[in-house]
Amino acid sequence: MKILIVGGKGTIGKKVSDHFSKKHDVIIAGRSSGDVQVDIADSQSIAAMFEAVGKVDAVVCIAGEAKWAAFDAMTEEDFYIGLRSKLMGQVNLVRIGQAYVNAGGSFTLTTGILADDPVVSTTSAAMVNGAIHSFVKAACLELKNGIRINVVSSGLVEDAVERYEAYFPGHNPIPMKKVVNGYVRSVAGKGTGEIIRIYDNR
Ligand SMILES: NC(=O)c1ccc[n+]([C@@H]2O[C@H](COP(=O)([O-])OP(=O)(O)OC[C@H]3O[C@@H](n4cnc5c(N)ncnc54)[C@H](OP(=O)(O)O)[C@@H]3O)[C@@H](O)[C@H]2O)c1
């Protein structure tokens, strides 16, 4: 398979890219990292990336930002960071990318546990994650040529514990192998419209 991984050099992305690179042709995209440059917050940049890369069998997005701050400190513009990047970035990746995915191919997006179990300072991140879950459930009804779409929603991942653990008191970090398997299930499985939740909160 030819697999385009946006954010494939990031904390989660590099583990996912390493896995798929063993057996597949992987192209990594990022704003400054990877084989091809893209800013998913800019739809012209997304279109240029697909023109450069051409047809693929799978698009995986493990990128997208949202502002983390106390709700009473969030400006309207702060909310637009997440709306433009993590939400519309991933929506536009699918909207534009559907013409570049081969029949039977797939999209895999990324959200996170905040959609279901938010923590303090995540009104924006939680909101866009929830919106992406709804988008995936609706888009799977309309994608043509057998193209599938799923989203991987994991808890705080082991490799990001140092950066984020203060925000997630009492959360059990998710081993990277389990996170990678969420992406494998989406790309190599047959499911569509799935929110692949990888949480450890019991
Ligand atoms: N870390 C966690 O525990 C965790 C858990 C659940 C969900 N998530 C979600 O998973 C995603 C990745 O998290 P991460 O921890 O792996 O992040 P990360 O280490 O910051 O990596 C993000 C990657 O995405 C690329 N990127 C960021 N913004 C981009 C943009 N606008 N256009 C194109 N590429 C962009 C970055 O490359 P460039 O800098 O070159 O652009 C980088 O390769 C995020 O959406 C995050 O919310 C993370």
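Cut-offs and rules
- Residues numbered from 1 in each chain as written.
- Predicted model: local features only at pLDDT ≥ 70, side-chain atom pairs only at ≥ 80, totals over all residues.
- Heavy atoms only, no water.
- Helix = DSSP H or I, 4+ residues; strand = E, 2+ residues; numbered from the N terminus.
- Buried < 20%, exposed > 50% of the residue type's maximum accessible area, 1.4 Å probe, protein only.
- Contact = heavy atoms within 4.5 Å.
- Salt bridge = Lys/Arg side-chain N within 4 Å of Asp/Glu carboxyl O.
- Phe/Tyr/Trp six-rings, centres within 6.5 Å; stacked < 30°, edge-to-face > 60°.
- Disulfide = S-S within 2.5 Å.
- Near = heavy atom within 4 Å.
- Areas by Shrake-Rupley, 256 points an atom, 1.4 Å probe, with all protein chains shown as cover.
- Nonpolar A, V, L, I, M, F, W, Y, C, P; charged D, E, K, R; others polar.
- Pairing = 2+ DSSP bridges.

Honestly, the environment of Val187 in this entry has me stumped. Any pointers?
The residue Val187 is located in helix α6 (residues 176–188) in this model. For Val187, a relative accessible area of 5% translates into the label buried. Through-space distance from the C-alpha of Val187 to that of Lys177 is 15 Å; in sequence the pair is 10 residues apart. Residues contacting Val187, with those up to four places away along its chain left out, are Met1, Ile3, Phe20, Ala58, Val60, Ser106, Thr108 and Arg148.

Quick question: what am I supposed to make of the pattern of salt bridges here?
Side chains that carry opposite charge are capable of pairing whenever their charged atoms lie near each other. Summed over the entire model, instances satisfying the criterion amount to five salt bridges. Across the pair Arg31 and Glu65 runs a salt bridge whose closest N-O atoms are separated by 3.4 Å. Here Arg31, found in the loop between β2 (25–30) and β3 (36–37), pairs with Glu65, found in the loop between β4 (56–61) and α3 (76–97); they are 34 residues apart in sequence, far enough to count as distant. Using a relative accessible area of 56% as the deciding quantity, one classes Arg31 as exposed. The residue Glu77 makes a salt bridge to Arg84 at a minimum N-O spacing of 3.0 Å. For Arg84, a relative accessible area of 42% puts it in the partly exposed group.

Any chance you could explain the packing of aromatic side chains here in plain terms?
Here the distance between the centres and the angle between the planes together describe a pair of aromatic rings. In total, this model carries six aromatic pairs according to the counting rule given. Relative to Tyr167, the ring of Trp68 has its centre 4.8 Å away and its plane inclined at 80°; by these criteria the two rings are edge-to-face. You can see Trp68 sitting in the loop between β4 and α3 and its partner Tyr167 sitting in the loop between α5 (161–164) and α6, a full 99 residues away along the chain. Residue Trp68 is classed as partly exposed on the basis of its relative accessible area of 26%. Taken together, the ring pairs connect Trp68, Tyr164, Tyr167 and Phe168 into an aromatic cluster.

What exactly am I supposed to notice about the state of the cysteines here?
Between two cysteines, a covalent bond joining their sulfur atoms is known as a disulfide. By the definition in use, this model includes zero disulfides. Left without a disulfide partner, Cys61 is nearest to the cysteine sulfur of Cys140, which lies 18 Å away. With relative accessibility at 0%, the residue Cys61 sits in the buried group.

Hey, could you run me through the site of the ligand in this one?
The environment of the ligand is made up of 25 residues, and the closest members are Thr11, Arg31, Ser33, Thr111 and Val157. Within the complex, 83% of the 890 Å² of free accessible area of the ligand lies under protein. Grouping the amino acids of the shell around the ligand by side-chain chemistry returns eight nonpolar, 12 polar and five charged.

Teacher, can you tell me more about the sheet that holds strand β6 (residues 148–154) here?
Paired through their backbone hydrogen bonds, the strands of a sheet run either parallel or antiparallel. The seven strands are arranged β3-β2-β1-β4-β5-β6-β7 in an open sheet whose pairing can be described as parallel. In this open sheet, the two edge strands, each paired with only one partner strand, are β3 and β7 (194–198). Pairing analysis gives five bridges linking β6 to β7, with the strands arranged parallel. When the bridges of β7 are listed, Ser153 appears paired with Arg197.

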